[in-house]
Amino acid sequence: MYYLDVAVPVSLDQTFTYTSEAILLAGVRVKVSFGRRKLVGVVVGVSHEPPKNGIELKSIEEVLDHVHIYSETLLS
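Source: prediction; values computed, not measured.

A few words on the side chain of serine 20. Inspection of the secondary structure puts serine 20 in strand β2 (residues 16-20). For serine 20, a relative accessible area of 5% gives the class buried. Within polar-contact distance, the side chain of serine 20 engages the backbone oxygen of alanine 22 at 2.6 Å.

Have a look at this one:
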């Protein structure tokens with residue numbers, strides 16, 4: 001299990017953690033469930049360790065890119 005930090009287009013200045021069975025590179029776009037909406041987000045980080053906040057995490061719904069479309073420089 002991998003834990004992905006995903007940036008989604010909302011007015012909050014933070015990323016959200018989703019799970020994935022496959023490791024994905026930073027810069028890959030994914031479709032995620034965010035509340036009642038489906039949003040396209042960008043993976044900005046990957047971890048093997050779950051977050052320590054104890055919140056139940058959702059899985060990503062779809063991988064939209066198989067190679068990163070955003071460079072490390074752009075992501076930073």
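The next thing to look at is the pairing of strand β4 (residues 37-47). As paired elements, strand β1 (residues 2-7) and β4 share five bridges and run antiparallel to each other. Counted as the bridge partner of valine 6 is valine 43 from β4. As judged from the six bridges shared by strand β3 (residues 29-34) and β4, these two strands associate in the antiparallel manner. Residue lysine 31 lies in a different strand from β4, and its bridge partner there is valine 40. Taking the residues between adjacent antiparallel strands as the criterion, β3 and β4 are bridged by two residues, where glycine 35 takes a positive phi near 65°.

Moving on: the pattern of salt bridges. Summed over the entire model, instances satisfying the criterion amount to three salt bridges. For aspartate 65, the salt bridge identified is with arginine 29, shortest N-O distance 2.8 Å. One end of the pair, aspartate 65, is in the loop between β5 (62-63) and α1 (72-75); the other, arginine 29, is in strand β3, with 36 residues separating them in the sequence. On the accessibility criterion, aspartate 65 (11% relative accessible area) is buried. Taking the shortest distance from any N to any O, the salt bridge between lysine 31 and glutamate 62 comes out at 3.5 Å. Taken as a pair, lysine 31 in strand β3 and glutamate 62 in strand β5 lie far apart in primary sequence, 31 residues in all. Overall, the relative accessible area of 37% leaves glutamate 62 in the partly exposed class.

This paragraph deals with the packing of aromatic side chains. On inspection of all chains with the given rule, the structure shows one aromatic pair. Geometrically, the ring pair formed by phenylalanine 16 and phenylalanine 34 is edge-to-face, given 5.0 Å between the ring centres and 75° between the ring planes. Placement of phenylalanine 16 in strand β2 and of phenylalanine 34 in strand β3 is noted, with a sequence separation of 18 residues between them. Across the pair, phenylalanine 34 and phenylalanine 16 agree in class, each one buried.

Turning our eyes to something else, we now look at the sheet that holds β5. The antiparallel open sheet is built from five strands, whose spatial order is β2-β1-β4-β3-β5. Whereas interior strands pair on both sides, the edge strands pair on one side only; in this sheet they are β2 and β5.

Definitions and limits used
- Residues numbered from 1 in each chain as written.
- Predicted model: local features only at pLDDT ≥ 70, side-chain atom pairs only at ≥ 80, totals over all residues.
- Heavy atoms only, no water.
- Helix = DSSP H or I, 4+ residues; strand = E, 2+ residues; numbered from the N terminus.
- Buried < 20%, exposed > 50% of the residue type's maximum accessible area, 1.4 Å probe, protein only.
- Polar contact = N/O pair within 3.5 Å; in protein donor to acceptor, adjacent residues only side chain to side chain.
- Pairing = 2+ DSSP bridges.
- Salt bridge = Lys/Arg side-chain N within 4 Å of Asp/Glu carboxyl O.
- Phe/Tyr/Trp six-rings, centres within 6.5 Å; stacked < 30°, edge-to-face > 60°.

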